[in-house]
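# Summary of the model geometry
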Amino acid sequence: QVQLVESGGGLVQAGDSLRLSCAASGDTFGNLALAWFRQAPGKEREFVAGITWLAGTETADSVKGRFTISRDHAKKMVNLQMDSLKAEDTAVYYCAARVDYTNDISPTPSRYPFWGQGTQVTVSA
């Protein structure tokens, strides 16, 4: 079992930066593939960025060049650095995890059995 707790959300202005963190506990952190998803009101949950146990990364086209995902094995955390925020980045951001021994990053929410409670990010125009 894996427990995930997000932190770092808030209200910022367009162009600002924000750093989200997700603390993992329970299962062996090194075996986890981790990802960030987001969900805006009235929209489906969408993939933002993912990182494998080998630290391979992938980001969605909508945030490429602005968002960076990283993981800290010692602290058992995954972070999402968000720069040049836009109003359309406003959403609830979720941390997700799955046990995975490949170097594959899945953008499909249903492939992740473990989820955090979410943290609100609001970007004012």
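Quick look at the structure, then. (Residues numbered from 1 in each chain as written. Predicted model: local features only at pLDDT ≥ 70, side-chain atom pairs only at ≥ 80, totals over all residues. Heavy atoms only, no water.)

## Here we look at the pairing of strand β9 (residues 91-99)
Quick reminder of the rule: With a 1.4 Å probe rolled over the protein chains alone, any residue whose accessible area is under 20% of its type maximum counts as buried; one over 50% counts as exposed, and the rest are partly exposed. Where helices and strands are cited, they refer to DSSP runs of H or I of at least four residues and of E of at least two residues respectively, numbered from the N terminus. A strand pair is defined by DSSP finding two or more bridges across the two strands.
Here β9 lies mainly inside the structure; 7 of its 9 residues are buried. Inspection of the sheet shows strand β4 (residues 32-39) paired to β9 by 8 bridges, in the antiparallel sense. Bridging across to β9, R38 finds its partner in Y93. Bridge count between β9 and strand β11 (residues 119-124): 3 bridges; the pairing is antiparallel. Directly across from Y93, in β11, lies its bridge partner T119. Pairing of β9 with strand β10 (residues 114-115) involves 2 bridges; the strand directions are antiparallel.

## Re the state of the cysteines
Condition: Count a disulfide wherever a pair of cysteine sulfur atoms falls within 2.5 Å.
Tallied over the full model, the rule gives 1 disulfide. There is a disulfide in this structure between C22 and C95, and the S-S distance comes to 2.2 Å. Measuring the twist about the S-S bond at about -80 degrees, one finds the C22-C95 disulfide to be left-handed. In this pair, C22 sits in strand β3 (residues 18-25) while C95 sits in strand β9, placing the two residues 73 residues apart along the sequence. Note on accessibility: C22 and C95 belong to one class, buried.

Nothing here speaks to function; it is geometry throughout.
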